[in-house]
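Commentary on secondary and tertiary structure
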Amino acid sequence: MKIGILGAGGIARTMARTLNEMKDVKLYAVASRSQEKAYQFAAEFQAVKAYGSYEAMLQDKEVELVYIATPHSHHYTHMKLCLKYGKHVLCEKSFTQNAAQAQEVLKLAEQKGLLCTEAIWPRYMPMARVIRQILESGEIGAPAALSANLGYPIFGVERIRRPELAGGALLDIGVYVLTFASLFFGDDISRIDSSVVMADTGVDSQESITLTYRDGRIATLYCTAQALTDRQGVISGSEGFLVVENINNFQKADIYDHNRRLIRTVPCPPQITGYEYEVASAVKAIQEGKTECPEMPHSETLFIMRLMDSLRDQWGMKYPNE
Ligand SMILES: NC(=O)c1ccc[n+]([C@@H]2O[C@H](COP(=O)([O-])OP(=O)(O)OC[C@H]3O[C@@H](n4cnc5c(N)ncnc54)[C@H](OP(=O)(O)O)[C@@H]3O)[C@@H](O)[C@H]2O)c1
């Protein structure tokens with residue numbers, strides 16, 4: 001399958017490297033707002049075509065799937081543009097700025113019969129399934145509490161600082177802690193509590209979030225764009241607990257018994273970068289004529305966007321065009 005990358009920034013480079021190591025997919029084209037940048041990117045990653053505008057790449061009939069790697073503020077417009085040109089879409093997280101935008105885009109994809117899926121990589125990783133199976137096996141008893149954190153000192157980065165790029169910790173980093181909770185505790189939430197630190201630019205720089213589930217389970221999460229954190233996710237059950245190293249890119253899961261003794265470690269299977277799973281899932285869904293991937297159905301993208309909308313409502317935080 002021929003893939004085009006839209007936006008030649010940081011994550012686009014990692015994706016290009018990933019595609020070049022995958023079988024059955026080809027990094028066919030790259031599009032940048034700058035022709036020079038597109039040429040350089042194409043030369044470095046052996047893309048066949050280099051386009052100096054996004055729309056020019058979308059007019060290329062050979063491009064089948066477009067990977068969108070632009071700031072959050074632009075995902076809505078860029079996805080709509082891709083769908084207009086009949087392209088399947090794999091769009092970076094966070095999917096859009098808000099749930100209303102997500103709903104509109106997903107409706108359009110369904111109307112056109114095109115795949116449109118969110119590139120939130122842990123969802124597609126085999127470790128997500130493995131951890132679910134461990135929980136379902138009862139090895140740690142009945143799971144009751146979960147914690148997860150993620151932080152990088154990236155507040156100086158333009159894309160994170162600026163409200164007009166839909167910056168802030170939530171859409172960039174918070175989406176991963178919410179994903180971790182959603183993956184393993186589901187979505188039947190009865191209460192959302194949070195505390196936020198707002199930066200002088202008008203976006204959130206760090207926050208803590210507590211999700212209480214209708215059946216009495218609880219998830220305590222925090223994310224920060226100001227500091228490095230251990231990236232751990234811990235799931236506690238009546239018979240033991242499970243510690244996941246790096247909720248952003250699963251490394252391993254350590255399982256402890258009721259005496260807090262380590263009983264076994266489940267390593268992450270070998271991978272290229274970890275981004276190959278979302279691509280493989282998107283390709284499979286397209287080949288099967290589906291508009292969504294089973295690992296991240298549209299309903300789940302909408303759920304996470306609504307959760308983030310309600311957190312921003314609690315904080316009184318809006319992006320400039322809302
Ligand atoms: N899955 C992950 O692990 C991961 C990691 C990092 C980022 N991301 C996600 O990937 C997306 C891009 O992040 P990034 O770190 O790659 O960002 P980045 O390095 O700033 O690149 C974004 C690219 O978007 C394009 N763009 C279009 N309009 C723009 C505008 N008005 N301002 C700035 N750039 C604009 C630019 O490409 P051209 O100049 O070539 O047009 C730019 O290079 C975000 O959604 C982010 O959340 C995901």
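Residues numbered from 1 in each chain as written. Predicted model: local features only at pLDDT ≥ 70, side-chain atom pairs only at ≥ 80, totals over all residues. Heavy atoms only, no water.

1. Looking at the packing of aromatic side chains
Convention followed: Side-chain rings of Phe, Tyr and Trp, where Trp is taken by its six-membered ring, are said to pair if the distance between their centres is within 6.5 Å; with planes under 30 degrees apart they count as stacked, over 60 as edge-to-face, and otherwise as tilted. A run of H or I in DSSP counts as a helix once it spans at least four residues, and a run of E counts as a strand once it spans at least two, with each numbered from the N terminus. Only protein chains enter the area calculation, which uses a 1.4 Å probe; residues under 20% of their type maximum are buried, those over 50% are exposed, and those in between are partly exposed. Lysine NZ or arginine CZ positioned within 6 Å of the ring centre and within 35 degrees of the ring normal marks a charge as sitting over the ring.
Taken as a whole, this structure holds six aromatic pairs when the rule is applied. When the centroid spacing of 5.6 Å and the interplanar angle of 85° are considered together, the rings of Phe 185 and Tyr 213 count as edge-to-face. Placement of the pair is Phe 185 in helix 8 (residues 169-185) and Tyr 213 in strand 9 (residues 204-213), with a sequence separation of 28 residues. Look at Phe 185 and you get buried, because its relative accessible area is 3%. Put simply, the rings of Phe 180, Phe 184 and Phe 250 touch in pairs and so form one group of aromatic residues. Positioned above the aromatic ring of Phe 185 is the side chain of Arg 217, whose terminal nitrogen or guanidinium carbon lies 4.5 Å from the ring centre.

2. Regarding the pairing of strand 12 (residues 241-245)
The test is simple: Strand pairing is defined by DSSP finding a minimum of two bridges between the two strands.
Where strand 11 (residues 233-237) and strand 12 come together, four bridges link them in antiparallel fashion. In the sheet register, Ile 235 faces strand 12, and the bridge partner there is Leu 242. Here strand 11 folds back onto strand 12 in antiparallel fashion, the turn holding three residues. Here five bridges tie strand 12 to strand 13 (residues 252-256), and the two strands are oriented antiparallel to one another. Residue Val 243 lies in a different strand from strand 13, and its bridge partner there is Asp 254. Following strand 12, the chain reverses through six residues before pairing antiparallel with strand 13; Asn 246 in that reversal takes a positive phi of roughly 65°.

3. Describing the packing of helix 4 (residues 72-84) against helix 5 (residues 99-112)
The description of two packed helices rests on the angle between their axes and on the distance between the axes. Operational definition: All axes here are fitted lines through C-alpha atoms, helices being fitted over the stretch that makes contact, and every angle between N-to-C directions spans 0 to 180 degrees. If an angle is under 35 degrees, it is roughly parallel; if it is over 145, roughly antiparallel; if it lies from 65 to 115, roughly perpendicular; otherwise it is oblique. Here, two residues are considered to be in contact whenever any of their heavy atoms come within 4.5 Å of each other. All amino acids are sorted into three groups, where Ala, Val, Leu, Ile, Met, Phe, Trp, Tyr, Cys and Pro are nonpolar, Asp, Glu, Lys and Arg are charged, and the leftover types, Gly among them, are polar.
It is at 10 Å that the axes of helix 4 and helix 5 come closest, and there the two elements cross at 10°. Classified by the angle between their axes, helix 4 and helix 5 sit roughly parallel to one another. Residues Tyr 76, Met 79, Lys 80, Leu 83 and Lys 84 of helix 4 form the contact with helix 5, whose participating residues are Gln 101, Glu 104, Val 105, Leu 108, Ala 109 and Lys 112. Across the contact of helix 4 with helix 5, the residue classes break down as six nonpolar, one polar and four charged.

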